[in-house]
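Topology and contacts: notes
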Amino acid sequence: QTMSLSYNIQGNDFNNAGKATEQVKKILKQIGIDSAIMRKVSIAAYEAEMNIVIHAYHGELVLTIWPNLIEIVAADVGPGISDVALAMQEGFSTAPESVRQMGFGAGMGLPNMKKFSDFFEIDSELGKGTKVRMVINL
């Protein structure tokens, strides 16, 4: 038995930023997912959602709950990442100053996604967009 949740995320929509992750947390709680797992999923999903809001034109956050794992896929249409290895470094950020002033874009998004996932994979194409896949084991 699998359950799939899908959320469309608009770039630059800071009013709704984080709402998809809030929904995900509610559902995970309702189905009785362990709180430690919920925390990992919430952080990874939130960082992915925020990256779409900050950097992309739009994207989709898809969460699939399998009996043994939770998979999060964040795929966006946007400028892409020119140097993925650099983007993976803690504190590296290409977020504009206006975004940093709101308290986002500290350069911890991708490192946190990797840190809180059991499996992490990123694929980015300049001028097309970025796809991140994360797996958290149950």
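Cut-offs and rules
- Think of each chain on its own: its residues are numbered from 1, step by step along the sequence as written.
- Local features in this predicted model are restricted to residues whose pLDDT is 70 or higher, and side-chain atom pairs enter the listing and the counts only when it is 80 or higher, whereas totals over whole chains, interfaces and linings include all residues.
- Only hydrogens and water are set aside; all other atoms, that is, all heavy atoms of the structure, feed into the side-chain values.
- Paired strands, as defined in this entry, are two strands with at least two bridges between them according to DSSP.
- By the criteria applied, helices consist of DSSP H or I runs no shorter than four residues and strands consist of E runs no shorter than two, each listed in order from the N terminus.
- Here an angle of 0 to 180 degrees is reported between the N-to-C directions of two axes, which are lines fitted to C-alpha atoms, with helices fitted over the stretch in contact.
- Here, two residues are considered to be in contact whenever any of their heavy atoms come within 4.5 Å of each other.
- An angle below 35 degrees is read as roughly parallel, one above 145 as roughly antiparallel, one from 65 to 115 as roughly perpendicular, and any other as oblique.
- Left-handed is the label given to a crossing in which the near helix is rotated counterclockwise from the far helix by less than a right angle, and right-handed is the label when the rotation is clockwise.
- Geometry of aromatic contacts follows a simple scheme: Phe, Tyr and Trp rings, the Trp one being its six-membered ring, pair when their centres are within 6.5 Å, and the pair is stacked under 30 degrees between planes, edge-to-face over 60, tilted otherwise.
- Buried means the residue's accessible area, taken with a 1.4 Å probe over protein chains only, is under 20% of the maximum for its type, while exposed means over 50%, and partly exposed covers the values in between.

Taken in spatial order, the five strands make up an open sheet running 1-2-3-5-4, and their pairing is antiparallel. The open sheet has two edge strands with one neighbour each: strand 1 (3-10) and strand 4 (119-125). Averaged over neighbouring strand pairs, the angle between their axes works out to 10 degrees when direction is ignored. In the sheet, strand 3 (residues 69-77) pairs with strand 5 (residues 129-137) via nine bridges, with the strands oriented antiparallel.

A few words now on the side chain of threonine 21. Along the polypeptide, threonine 21 turns up in helix 1 (residues 19-30). Not counting chain neighbours up to four residues away, the residues in contact with threonine 21 comprise Ser42, Ala45, Tyr46 and Glu49.

Our focus in this paragraph is the packing of helix 1 against helix 2 (residues 35-55). Where helix 1 meets helix 2, the closest approach of the two axes is 9 Å, and the angle between their N-to-C directions is 160 degrees. By the angle between their axes, helix 1 is roughly antiparallel relative to helix 2. Considering how the two elements wind past one another, helix 1 and helix 2 form a crossing that is right-handed. Where helix 1 abuts helix 2, its residues Lys19, Ala20, Thr21, Val24, Lys25, Leu28 and Lys29 lie against Met38, Val41, Ser42, Ala45, Tyr46 and Glu49.

Here the focus is the packing of aromatic side chains. Counted according to the given criterion, the structure contains one aromatic pair. On the numbers, 5.6 Å between centres and 25 degrees between planes, the contact of phenylalanine 14 with phenylalanine 104 is stacked. Taken together, the positions of phenylalanine 14 in the loop between strand 1 and helix 1 and phenylalanine 104 in the loop between helix 4 (97-101) and helix 5 (109-115) put the pair 90 residues apart, joining distant regions of the chain. In this structure phenylalanine 14 comes out as buried when scored by relative accessible area, which is 18%.

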